[in-house]
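For reference, the chains in residue letters:
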Amino acid sequence: MGRKSLCAKGIVILGYIQLSACNGHDWRESVIAQAEDKIRQDISDPAAQFSRVQVTGDAQTGQTCGYTTASVGAFGVQHTLRFIVYIDATAGPFVEVGAGRHPISQEDFERDWQSDCVNEGYKS
């Protein structure tokens, strides 16, 4: 194969990789959207807002960590709380102070937040 032919193939391959990266869908985006939906359902607030949401770990055993501002409790008072949603759904989802349907003590939440969010790369 001639030099021009190799170069042309290289350009085609690089162009395909670049096109895939530009038009591709980062798996983290869909994981974050799914996590936000799970938290909205878990705290029964479809209008919950989210901030500082990040995926830590990998696509199989990682987690989505962040903050939600939502109406929590019988009186509908707005609170901003941290949450963790595990990608593999082996636990949770969890919202601090036991605000969700999956009760967790604040002590256990703090431990999980530190080990599964902060220690896995979550940046505040």
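The rules behind each value
- Residues numbered from 1 in each chain as written.
- Predicted model: local features only at pLDDT ≥ 70, side-chain atom pairs only at ≥ 80, totals over all residues.
- Heavy atoms only, no water.
- Salt bridge = Lys/Arg side-chain N within 4 Å of Asp/Glu carboxyl O.
- Helix = DSSP H or I, 4+ residues; strand = E, 2+ residues; numbered from the N terminus.
- Buried < 20%, exposed > 50% of the residue type's maximum accessible area, 1.4 Å probe, protein only.
- Core = buried A, V, L, I, M, F, W, Y, C linked by side-chain atoms within 4.5 Å.
- Contact = heavy atoms within 4.5 Å.
- Polar contact = N/O pair within 3.5 Å; in protein donor to acceptor, adjacent residues only side chain to side chain.

(A) Just the pattern of salt bridges, in detail. Tallying each qualifying case throughout the model produces 6 salt bridges. For glutamate 96, the salt bridge identified is with arginine 82, shortest N-O distance 2.9 Å. A residue pair is termed long-range when its members are at least 10 positions apart, and glutamate 96 in the loop between strand S4 (94–95) and helix H3 (106–118) and arginine 82 in strand S3 (residues 77–86) qualify at 14 residues. A relative accessible area of 11% means that glutamate 96 is categorised as buried. Among the ionic contacts, a cluster of salt bridges with common partners joins Arg82, Glu96 and Glu110.

(B) Geometry of unusual backbone geometry. Looking along the chain, the bond that leaves glycine 92 and enters proline 93 is cis, with omega of 10°. If you trace the backbone, proline 93 turns up in the loop between S3 and S4. Of note in this structure, serine 44 is not a glycine but carries a positive phi near 55°. Turning to its location among the elements, serine 44 is positioned in the loop between helix H2 (27–42) and strand S1 (49–56). Positive phi, close to 55°, is recorded for valine 97, a residue that is not glycine. With respect to the helices and strands, valine 97 occurs in the loop between S4 and H3.

(C) Structural context of the nonpolar core. Ala35, Ile39, Ile43, Ala48, Phe50, Ala70, Val72, Leu81, Phe83, Val85 and Val95 form the largest nonpolar core, which has 11 residues in total. Those elements that provide at least two residues to this core are H2, strand S2 (63–72) and S3. If one sorts the elements of this core by residue count, S3 sits on top with 3 residues. Non-local contacts of leucine 81, meaning those with residues more than four positions away in its chain, are made with Gly66, Tyr67, Thr68, Val72, Val95, Glu96, Val97 and Ala99.

(D) Spotlight on the side chain of glutamine 63. Relative to the helices and strands, glutamine 63 resides in strand S2. Overall, the relative accessible area of 4% leaves glutamine 63 in the buried class. Among the polar contacts made by the side chain of glutamine 63, one reaches the side chain of threonine 56 at a distance of 2.9 Å. Side-chain polar atoms of glutamine 63 contact the backbone oxygen of aspartate 116, separated by 2.6 Å. Not counting residues up to four positions away in its chain, the partners in contact with glutamine 63 are Gln54, Val55, Thr56, Gly57, Ile84, Val85, Tyr86, Ile87, Asp116 and Glu120.

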